[in-house]
Amino acid sequence: GKKRRFKGNLFKRLIDLLREDLKLTGTKEGCGEGECGACTVLLEGKPVNSCLVPVCQLEGAKVETIESLGAPEDLNTLQQAFLDKGGAQCGACTPGMLMTATSHLREGGSAKPEDIRTALAGNLCRCTGYQPIVDSVIEAAKKKRKME
């Protein structure tokens, strides 16, 4: 929700800008090659691997990070579902999973497990076997529908 200016290397990676310059350290780096999805942020509402995006592509763009979803004392519905259903294990993939799931839910994505698995296909987790993550997104989707 804040406008930011950056002067520096135009080919600096978005993840480095976020973590080093803006001190938004919630976005995690996994592979650095766009394969794992750990560094996923929303660019104009769409999930992208921030390790692959040079800052020269961001002029005037809206970037949302994990910090925009909620705070520890005020979790949003999806974050609370991850807590309640055990969707977060070691935490390395969690910010990327949350950002991708946020996009899925905002776009009206279904609560069907197969649709959620498809939406999250670009995000890898080494801990959970994915079922608690899928269960978390199902829970959040159901709560979102009740609120609507």
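Residues numbered from 1 in each chain as written. Predicted model: local features only at pLDDT ≥ 70, side-chain atom pairs only at ≥ 80, totals over all residues. Heavy atoms only, no water.

Asker: Could you clarify how one ought to interpret the pairing of strand S1 (residues 40–43) in this entry?
Answerer: Looking along a regular strand, one sees side chains alternate from face to face of the sheet. Here S1 shows no split at all, with Thr40 and Leu42 on one side and Val41 and Leu43 on the other all buried. Where S1 lies against strand S2 (residues 46–49), 4 bridges are found, and the strand directions are antiparallel. By the bridge assignment for S2, Thr40 is matched with Asn49. Between the end of S1 and the start of S2, which pair antiparallel, lie 2 residues, with Glu44 showing a positive phi angle near 55°. Both S1 and strand S3 (residues 63–64) contribute to a ladder of 2 bridges, which runs antiparallel. (Buried < 20%, exposed > 50% of the residue type's maximum accessible area, 1.4 Å probe, protein only. Helix = DSSP H or I, 4+ residues; strand = E, 2+ residues; numbered from the N terminus. Pairing = 2+ DSSP bridges.)

Asker: Can you help me understand the nonpolar core in this one?
Answerer: Looking at soluble globular proteins, one finds that nonpolar side chains tend to be buried together. Of all hydrophobic cores here, the largest spans 22 residues; its most connected members are Leu78, Phe82, Met97, Leu120 and Val137. Those elements giving two or more residues to this core turn out to be helix H2 (77–85), helix H3 (94–106) and helix H5 (131–147). Here this core gets 6 residues from one element, more than from any other, and that element is H5. For Phe82, the residues in contact, after removing those within four places along its chain, are Gly87, Ala88, Thr94, Met97, Leu98, Ile133, Ser136 and Val137. Residues Leu14, Leu18, Leu43 and Val55 belong to the second largest nonpolar core, which totals 8 residues. (Core = buried A, V, L, I, M, F, W, Y, C linked by side-chain atoms within 4.5 Å. Contact = heavy atoms within 4.5 Å.)

Asker: What's the story with helix H1 (residues 14–21) in this structure? I'm lost.
Answerer: Since there are 3.6 residues in each turn of an α-helix, residues three or four apart along the chain are aligned in direction. Among the residues of H1, Leu14, Ile15, Asp16, Leu17 and Leu18 are the ones counted as buried. Those residues of H1 that are buried lie in contact with S1 and S3. Looking at the residues trailing H1, positive phi occurs at Lys23, about 60°.

Asker: How should I be thinking about the packing of H2 against H5 in this particular structure?
Answerer: One can describe the packing of H2 onto H5 by two numbers: an axis separation of 8 Å at closest approach and a directional angle of 135°. Classed by the angle they form, the pair H2 and H5 counts as oblique. Between H2 and H5 the crossing geometry is right-handed. Here Thr77, Leu78, Ala81, Phe82, Asp84 and Lys85 of H2 come into contact with H5, specifically with Pro132, Ile133, Asp135, Ser136, Val137, Glu139, Ala140, Lys143 and Met147. (Axes fitted to C-alpha atoms, helices over the stretch in contact; angles between N-to-C directions. Parallel < 35°, antiparallel > 145°, perpendicular 65-115°, else oblique. Left-handed = near helix turned anticlockwise from the far one by under 90°.)

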